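Next come the chains, spelled out residue by residue.
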Amino acid sequence: MYFYLPVALTSINILIPIGLGLAVGLLSGLFGVGGGFLMTPLLIMFGIPSTVAAATDSNQIVAASTSGTYAHWKVGNVDFKMGLYLLIGGFAGGLFGVQLIKILKATGNADFVIKMTYVLMLGIVGTYMFIESLSSMRKKKTEEIKPEKESGMARFLKSLPLQTHFEKSGVTHSALLPIIFGGFVGILAAIMGVGGGFLMVPVMVYILRMPMHVVVGTSLFQILFNCIEVTFLQAYTNHNVDFILAVLLLLGSTVGAQIGAVFGRKLKGEQLKIILAAIVLVVTVKMIFELTLSPSILLSQAGGH
Amino acid sequence: MKKVRSQKSEVRSFKNIFLTAFIIFLGMIMTGTKASAELTIKANHDDIKIDFFYNGSTVSVAGDADSGTDLIIKIASPEGHEILKQKGKVAGLLWMNTGTLNFEHTPNLYSIYSTKKIEDILSAEEADKYVIGYPALSRQMEIAPVSTEDERSKWFNEFVKYKESSNLYTTSSGKILTTAKDGKQAYYILTAWPYQAPPGDYLVTVYAVKDKKVIEKAESKVMVEQVGAVKMLAGMAKNNGALYGGISIMAALAAGFGVGMIFRKGGGAH
């Protein structure tokens with residue numbers, strides 16, 4: 001059955017967005033990512049204009065992350081305090097990133113910087129997570145986990161002011177830490193035009209040292225607020241949100257997020273990390289192919305970035 | 001005297017009419033049935049309504065034409081302009097958007113159907129005059145910024161490729177069915193109307209062609225409009241972004257919570 005999308009001005013078989021929603025929602029519930037880095041290109045592939053694809057995806061992520069946050073909150077896996085600090089940083093970083101894009105666009109280098117940032121960030125994050133989780137999985141098999149020696153980095157982090165305890169995550173950090181790193185992810189996310197979940201998750205795991213299951217719930221919580229803001233701005237200033245497409249997507253993604261959250265509880269932290277790392281790496285390889293292989297059509301719709 | 005003159009003039013004018021009619025009759029016998037205003041056109045589905053379940057439509061174009069003429073049917077939207085991103089190689093290796101191109105005098109939808117290949121039945125001058133076929137469209141289109149003719153033709157070809165990929169541009173020959181009917185020919189073609197064609201008015205023109213020239217044309221219209229909820233949503237997205245955004249967010253939040261609740265009830269065992 002086909003549905004007509006009033007803002008995208010195109011018609012789509014409803015099984016496509018529902019199926020895509022289900023698959024990406026599943027990843028969302030499992031890993032705490034919004035999945036924009038997967039969903040937006042897939043929607044474009046199915047004929048949705050790129051600007052509408054990105055804006056509508058943020059609308060459906062609101063639903064998927066609400067569903068996911070709710071599922072994780074029920075089992076006590078959302079650190080609201082940490083999420084709030086990350087949000088403050090992310091919001092400030094986002095504002096800064098949007099200004100940066102304006103400057104880049106004025107110099108005419110925007111596309112190059114965006115694509116390169118995307119590929120590098122995906123590549124670095126994917127590779128690091130993959131190697132790290134692989135080695136920690138091997139370690140666990142062969143030896144008992146030894147208490148890690150405190151590194152210089154950890155000592156430096158502890159010397160920062162405004163130290164506070166995050167009960168849910170069981171960690172103590174300076175309040176500045178999540179704000180600064182949240183800001184950093186906010187800048188990158190604004191440059192790349194994505195929610196930044198796949199960057200926020202490694203920041204929480206490796207820098208903030210939060211347990212993986214709390215990371216997923218907390219990441220979803222802050223993605224929810226980011227996407228509410230983005231959806232509103234896209235609808236208000238660019239008129240690019242397609243309500244019907246969003247509804248079709250969220251029919252799948254809200255259910256997918258619940259299933260993901262259930263599955264996630266059955267998997268170990270390392271297993272979750274390595275699967276996410278593999279997905280990120282596959283997307284990186286796909287992007288590298290896109291950048292190097294001759295495209296079949298050399299023109300595309302203007303607008304967005 | 002006056003009466004006589006008027007009688008004489010009446011006789012003369014009667015003679016003239018008779019003569020003219022005779023000449024026309026002769027002419028018709030000599031050139032077949034080449035008479036003007038013989039060409040008719042009717043688009044059967046001329047008011048396409050876009051509702052929720054719209055997935056494109058079909059439009060049939062039919063009419064009568066003089067036998068011995070070839071036919072060309074053009075379906076096009078009014079000319080406009082389009083700005084598109086162009087991809088190019090950066091540093092000799094990476095494909096990226098390198099700028100934008102401005103295409104002027106371009107119809108958004110452009111379909112040409114003909115009984116035979118355009119170049120075999122129509123001269124280039126006539127094709128240009130009526131903008132029939134891609135070469136003619138290329139000559140009337142302005143593309144900027146391009147520096148050489150080669151570059152221009154490369155980007156025109158890319159433009160056509162881009163449009164054909166969304167079914168908005170098409171040309172084909174030999175698909176118009178013609179049947180002899182009372183010394184004339186009846187023509188008929190069923191065309192697929194792409195869902196990608198946005199709401200608007202589209203002009204359907206049939207050209208009767210003989211000796212590489214257009215000898216007659218007839219026009220009809222296809223109107224495409226959004227109706228009902230589709231129209232309401234599209235209008236709200238455009239004119240009341242804040243409300244539309246608010247509703248979209250509320251709906252997403254409600255759906256997220258709703259599904260969460262259902263799963264809690266249904267999946268309490270987890």
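Residues numbered from 1 in each chain as written. Chains lettered and ligands numbered in written order. Predicted model: local features only at pLDDT ≥ 70, side-chain atom pairs only at ≥ 80, totals over all residues. Heavy atoms only, no water.

Draft legend 1. Fine view of the overall build of chain A. Along the backbone of chain A there are eleven helices and five strands. Split into buried and exposed, the 305 residues of chain A put 55% on the buried side. Look at the contacts in chain A between residues 6 or more apart in sequence, and 77% of them connect residues 24 or more apart. In the structure as shown, chain A presents an accessible area of about 13200 Å², 71% of it carried by carbon and sulfur atoms. (Helix = DSSP H or I, 4+ residues; strand = E, 2+ residues; numbered from the N terminus. Buried < 20%, exposed > 50% of the residue type's maximum accessible area, 1.4 Å probe, protein only. Contact = heavy atoms within 4.5 Å. Areas by Shrake-Rupley, 256 points an atom, 1.4 Å probe, with all protein chains shown as cover.)

Draft legend 2. How the structure looks around the overall build of chain B. Broken down by element type, chain B carries seven helices and 13 strands. Taking as baseline every contact in chain B between residues at least 6 positions apart, the subset at least 24 positions apart corresponds to 68%. Carbon and sulfur atoms provide 59% of the accessible area of chain B, an area that totals close to 14900 Å².

Draft legend 3. Quick peek at the pattern of salt bridges. All names here are of chain B. Applying the stated rule across the entire model yields eleven salt bridges over all chains. Between Lys163 and Glu82 there is a salt bridge, with the nearest N and O atoms lying 2.9 Å from each other. Pair noted here: Lys163 is in helix α5 (residues 149-165) and Glu82 is in strand β5 (residues 79-90), with a separation of 81 residues, a long-range link. For the pair formed by Lys163 and Glu82, the shared burial category is buried. Among the salt bridges present, the one from Glu158 reaches Lys161, with a minimum N-O distance of 3.3 Å. Note that Glu158 and Lys161 are positioned in helix α5 at a spacing of three residues, about one turn of the helix. For Glu158, a relative accessible area of 8% translates into the label buried. (Salt bridge = Lys/Arg side-chain N within 4 Å of Asp/Glu carboxyl O.)

Draft legend 4. Fine view of the pairing of strand β10 (residues 177-181) of chain B. Residues and elements named next belong to chain B. Taken together, the five bridges between β10 and strand β11 (residues 184-193) define a ladder with antiparallel strand orientation. From the neighbouring strand, Lys181 faces β11, where its bridge partner is Lys184. With antiparallel pairing between neighbouring strands as the criterion, β10 and β11 make up a hairpin whose turn holds two residues, including Asp182 at a positive phi of roughly 50°. (Pairing = 2+ DSSP bridges.)

Draft legend 5. Representation of the packing of aromatic side chains in the model. Under the criterion given, the structure shown has 18 aromatic pairs over all chains. Among the aromatic side chains, those forming a connected cluster through ring pairs are Phe103, Tyr110, Tyr134, Phe159 and Tyr169 of chain B. The cationic tip of Lys81 of chain A hangs over the ring face of Phe166 of chain A; the distance from NZ or CZ to the ring centre is 5.1 Å. (Phe/Tyr/Trp six-rings, centres within 6.5 Å; stacked < 30°, edge-to-face > 60°. Lys NZ or Arg CZ within 6 Å of the ring centre and 35° of its normal.)

Draft legend 6. Representation of the nonpolar core in the model. The biggest cluster of nonpolar side chains holds 61 residues, and the ones touching the most others in it are Leu299 of chain A together with Ile72, Ile73, Tyr187, Trp193 and Val222 of chain B. A per-element tally of this core places strand β12 (residues 200-210) of chain B first, with six residues. (Core = buried A, V, L, I, M, F, W, Y, C linked by side-chain atoms within 4.5 Å.)

Draft legend 7. How the structure looks around the side chain of Ser65 of chain A. Residues and elements named next belong to chain A. Following the sequence through the fold, Ser65 ends up in helix α3 (residues 50-74). Ser65 sits in the buried class, given a relative accessible area of 0%. Of note is the side chain of Ser65, whose polar atom sits 2.6 Å from the backbone oxygen of Ile61. A polar atom in the side chain of Ser65 sits 3.4 Å from the backbone oxygen of Val62. If sequence neighbours within four positions are ignored, Ser65 has contacts with Leu220, Ile223 and Leu224. (Polar contact = N/O pair within 3.5 Å; in protein donor to acceptor, adjacent residues only side chain to side chain.)

Draft legend 8. Layout of the interface of chain B and chain A. Each partner contributes residues to the interface: chain B has 56 residues there, and chain A has 53 residues. A buried area of about 4800 Å², summed over both sides, lies between chain B and chain A, and 70% of it is on carbon and sulfur atoms. In terms of surface lost to chain A, no three residues of chain B exceed Lys85, Trp95 and Ile249 of chain B, which account for 14% of the buried area on that side. The tally of links between chain B and chain A comes to zero salt bridges. (Buried area = accessible area lost by both parts, 1.4 Å probe.)

Draft legend 9. Local environment of helix α1 (residues 15-31) of chain A. Residues and elements named next belong to chain A. With 17 residues, α1 extends 24 Å between its outermost C-alpha atoms, agreeing within 8% with the 24 Å of an ideal straight helix rising 1.5 Å per residue. Along α1, the residues that are buried comprise Pro17, Leu20, Gly21, Val24, Gly25, Leu27, Ser28, Gly29, Leu30 and Phe31. Directly beyond the C-terminal end of α1, a positive phi value near 75° is found at Gly32. (Expected span 1.5 Å × (residues − 1).)

Draft legend 10. Spatial organisation of the environment of Val24 of chain A. All names here are of chain A. Residue position: Val24 is located in helix α1. Each C-alpha atom, one on Val24 and one on Leu249, is 9.4 Å from the other, the two residues being 225 residues apart in sequence. In this structure Val24 touches Gly34, Gly35 and Met39, once residues within four positions along its chain are discounted.

Draft legend 11. Spatial organisation of a nonpolar patch on the surface. Residues and elements named next belong to chain A. The grouping of Leu162, Leu176 and Ile180 at the surface amounts to a nonpolar patch, some 290 Å² of accessible area in total. Considering the arrangement of structural elements, one finds Leu162 in the loop between α6 (152-159) and β3 (163-166). In this structure Leu162 comes out as exposed when scored by relative accessible area, which is 57%. (Patch = residues over 30% accessible without salt bridge, like charges linked within 9 Å, V, L, I, M, F, W, Y side chains within 5 Å.)

Draft legend 12. The arrangement of the confidence of the model for chain B in detail. Residue and element names in this part refer to chain B. Overall, the predicted model of chain B reaches an average pLDDT of 85, with 84% of residues at or above 70. Summarising per-element confidence for chain B, the mean pLDDT is lowest in helix α1 (residues 2-30) (53) and highest in strand β7 (residues 110-114) (96). Confidence drops under a pLDDT of 50 for residues 25-37, and excluding neighbours within four residues, the segment shows nine contacts in the predicted structure. (pLDDT = per-residue confidence, 0-100.)

Draft legend 13. The sheet that holds strand β1 (residues 42-43) of chain B, seen in detail. Residues and elements named next belong to chain B. Pairing in this open sheet of four strands is antiparallel, and the strands run β1-β3-β11-β10 from one edge to the other. In the strand order of this sheet, the two ends are held by β1 and β10, each with one partner. Of the pairings in the sheet, the one linking β1 to strand β3 (residues 57-66) comprises two bridges and is antiparallel in character. Within the sheet, the bridge partner assigned to Ala43 lies in β3 and is Val61.

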